[in-house]
Amino acid sequence: MILEHGGDRTGFMEKYGREPLDFSVNISPLGMPEGAFRAASEALLHADRYPDPLCRKLRAALAAHHNVPTENIVCGAGAADLIYRLGAAVRPKRALIPVPAFSEYEKALRLRRCEIRRYYLDEKRDFRLDEGVLSALTPEIDLVFLCEPGNPAGVTTDPSLLRRILARCREHKILLAVDECFLPFVDEEKSMISELGEGGVLIFRAFTKFYAMAGLRIGYCITDERGLAEKLFACGQPWAVSEIAQAAGIAALNDTAYAEAVRKTVRENRTLLAQGLAGLGLRVVPGEANFLLFYAEDQELGEELAREGILIRDCANYEGLSSGWFRVSVRTAFENEKLLKTLRSLM
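Anyway, here's the lowdown on the structure attached to this text. (Residues numbered from 1 in each chain as written. Predicted model: local features only at pLDDT ≥ 70, side-chain atom pairs only at ≥ 80, totals over all residues. Heavy atoms only, no water.)

**Focus: the pattern of salt bridges**
Operational definition: Think of a salt bridge as a Lys or Arg side-chain nitrogen and an Asp or Glu carboxyl oxygen that are within 4 Å of each other. Working definition: with a 1.4 Å probe on protein chains only, accessible area under 20% of the residue-type maximum means buried, over 50% means exposed, and in between means partly exposed. Labels follow the DSSP assignment, with helices taken as runs of H or I lasting at least four residues and strands as runs of E lasting at least two, numbered in each case from the N terminus.
Within the structure shown, the criterion is met by 27 salt bridges. A salt bridge links aspartate 52 to arginine 56; the shortest N-O distance between them is 2.9 Å. Owing to a relative accessible area of 17%, aspartate 52 belongs among the buried residues under this scheme. Under the relative-accessibility criterion, arginine 56 is labelled exposed at 51%. Taking the shortest distance from any N to any O, the salt bridge between glutamate 115 and arginine 94 comes out at 3.3 Å. Residue glutamate 115 is found in strand 4 (residues 115-120), and its partner arginine 94 is found in strand 3 (residues 94-99); the two are separated by 21 residues along the sequence. Take glutamate 115: its relative accessible area is 36%, and that puts it in the partly exposed class. Judged by relative accessible area, arginine 94 falls into the partly exposed class, the value being 28%.

**Quick look at the packing of aromatic side chains**
Heads up, the condition is: Centres within 6.5 Å are what make two rings of Phe, Tyr or Trp a pair, Trp counting through its six-membered ring; a difference in plane orientation under 30 degrees is then read as stacked, over 60 as edge-to-face, and the rest as tilted. For a Lys NZ or an Arg CZ to count as sitting over a ring, it must be within 6 Å of the ring centre and within 35 degrees of the ring normal.
On inspection of all chains with the given rule, the structure shows 15 aromatic pairs. Judged by centre distance (5.5 Å) and plane angle (35 degrees), the rings of phenylalanine 207 and tyrosine 211 are tilted. By relative accessible area, tyrosine 211 is classed as buried at 8%. These aromatic residues form a ring-pair network of at least three members: Phe185, Phe207, Phe210, Tyr211, Tyr220 and Tyr258. Across from the ring centre of phenylalanine 291, 5.8 Å away, lies the NZ or CZ of arginine 327, which sits over that ring.

**Structural notes on the sheet that holds strand 9 (residues 283-284)**
Note the cut-off: By this definition, two strands are paired if DSSP reports at least two bridges between them. Here a residue-residue contact requires only that any non-hydrogen atoms of the pair lie within 4.5 Å. Axis definition: a line fitted to C-alpha atoms, over the contacting stretch in the case of helices. Angles run 0 to 180 degrees between N-to-C directions.
Across the sheet, four strands lie side by side as 9-10-13-12; this open sheet has antiparallel pairing. Both edges of this open sheet fall to strand 9 and strand 12 (313-314), since each of them pairs with a single strand only. Of the pairings in the sheet, the one linking strand 10 (residues 291-295) to strand 13 (residues 325-329) comprises five bridges and is antiparallel in character. Paired with leucine 293 across the bridge in strand 13 is arginine 327. Seen against the sheet, helix 10 (residues 256-279) touches strand 9, strand 10 and strand 13 and runs at an angle of roughly 10 degrees to strand 10.

**Examining the packing of helix 2 (residues 34-43) against helix 9 (residues 243-253)**
The test is simple: Every angle not falling under 35 degrees, over 145, or within 65 to 115 is termed oblique; those three ranges are roughly parallel, roughly antiparallel and roughly perpendicular. For any helix crossing, the convention is left-handed if the near helix is rotated counterclockwise from the far helix by under a right angle, and right-handed if that rotation is clockwise.
It is at 8 Å that the axes of helix 2 and helix 9 come closest, and there the two elements cross at 150 degrees. Looking at the two axes, helix 2 sits roughly antiparallel to helix 9. Read as a crossing pair, helix 2 and helix 9 show a hand that is right-handed. In this structure, helix 2 contributes Gly35, Ala36, Ala39, Ala40 and Ala43 to the contact, and helix 9 contributes Glu243, Ile244, Ala247, Ala248, Ala251 and Ala252.

**Some details on the side chain of asparagine 336**
For the record, the criterion: Counted as a polar contact is a pair of N or O atoms within 3.5 Å, where, for protein atoms, one must be capable of donating a hydrogen and the other of accepting one, and residues adjacent in sequence contribute only when both atoms are in side chains.
You can see asparagine 336 is positioned in helix 12 (residues 333-346). At 3.0 Å, the side chain of asparagine 336 forms a polar contact with the backbone nitrogen of arginine 331. Apart from the residues within four sequence positions on either side, asparagine 336 is in contact with Phe23, Asn269, Leu273, Ser329, Val330 and Arg331.

**Examining the nonpolar core**
Operational definition: Buried Ala, Val, Leu, Ile, Met, Phe, Trp, Tyr and Cys residues form a nonpolar core when they are joined through side-chain atoms within 4.5 Å.
Residues Ile165, Leu176 and Phe207 are the most contacted members of the largest nonpolar core, which totals 65 residues. Every residue in contact with phenylalanine 207, bar those within four places of it in the chain, is listed here: Leu58, Leu62, Ala212, Met213, Ile218, Tyr220, Gly249, Ala252 and Leu253. Counting 25 residues, the second-largest nonpolar core is a separate cluster that includes Leu82, Ala108, Leu175 and Cys221.

**Here we look at the sheet that holds strand 8 (residues 219-223)**
Within the open sheet, the seven strands sit side by side as 2-8-7-6-5-3-4. Their pairing is mixed. Every other strand in the sheet has two partners, leaving strand 2 (73-76) and strand 4 as the edge strands with one partner each. On average, each strand axis in the sheet is tilted by 20 degrees relative to the strand beside it, whichever way the strands run.

**Section: unusual backbone geometry**
With omega at 10 degrees, the peptide bond leading from valine 99 into proline 100 counts as cis. Mapped onto the elements of the fold, proline 100 is located in the loop between strand 3 and helix 5 (104-110). The backbone phi angle of arginine 113 is positive, close to 60 degrees, even though this residue is not glycine.

**Examining the pairing of strand 8**
Of all five residues that make up strand 8, five are buried, and the element is covered over most of its length. By the alternation rule, side chains of strand 8 split into Gly219, Cys221 and Thr223 and Tyr220 and Ile222, which are all buried. Where strand 2 lies against strand 8, four bridges are found, and the strand directions are antiparallel. For cysteine 75, the partnering residue across the bridge sits in strand 8 and is tyrosine 220. Pairing between strand 7 (residues 201-206) and strand 8: five bridges, direction antiparallel. Looking at strand 8, one finds that isoleucine 203 is bridged to isoleucine 222.

Structure (structure tokens):
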């Protein structure tokens, strides 16, 4: 079995015999909110019980947080769980995916024998979605995946273009699925949640990245497409979200101080990290989230850093990228400087 994503700490430890300094996954550098950790710990006392399969308290908290109807929300074991459910619920014949992108979109659709059409993003535009995608949204397309901000480039789409894409999708009855798992690091005002109401939209979110809950597996989606929430729920196992994860999620939503601290930390450290990488002569994409994509002539850079105890994401297996592209998360100032210092010694 071959893992194609970052964060393979177990594999790293088996190979190198030590814990890595992990820049390969884009998790909040501040760790899980303290209140969420306490709530998860207290929920362990009830681990002998089945969790609420409907996630009623969590969905009510999410509905209040996003100002949307509770019945439009479905929770799952991370956003990836819901991406696979979407393929099962909709069973599209043809789908459009701008690339490079998160590989699970395509894998989930191929399980349903869906024909994939790729829209290749231009490196010269920093892999930012452009107006050309509008011509690719033809009537025979059933579903389109967008990622805001994109992964692995970390850039967002102009809001006016997003509205035009939505209008084209509604005109041709194309379901627009928008992955906003990294948007809380950027700007909530850019969310497509504000466009819900007329049908045809589904938005993915997760506690994984922003609240550093990757191990708890908790995500959700919001949709205004009639009947889709019920189908998504039916396409997954009923106890997908543990009581521990549900409790942690509710607590995290209430911690506004944590959210502000994360955004401030990432914003400041991203600028310094980008400047440091560029100062080494690397081609750095000006990402807006908690990670940066860069190109290095040394295609073995990932392996060289691994030998120094640092794990980064080699992006050569992304459709639309070549060898030499790497992604690093934005960590604390101390961790970022350690990465830059190690890069200087290697380069």
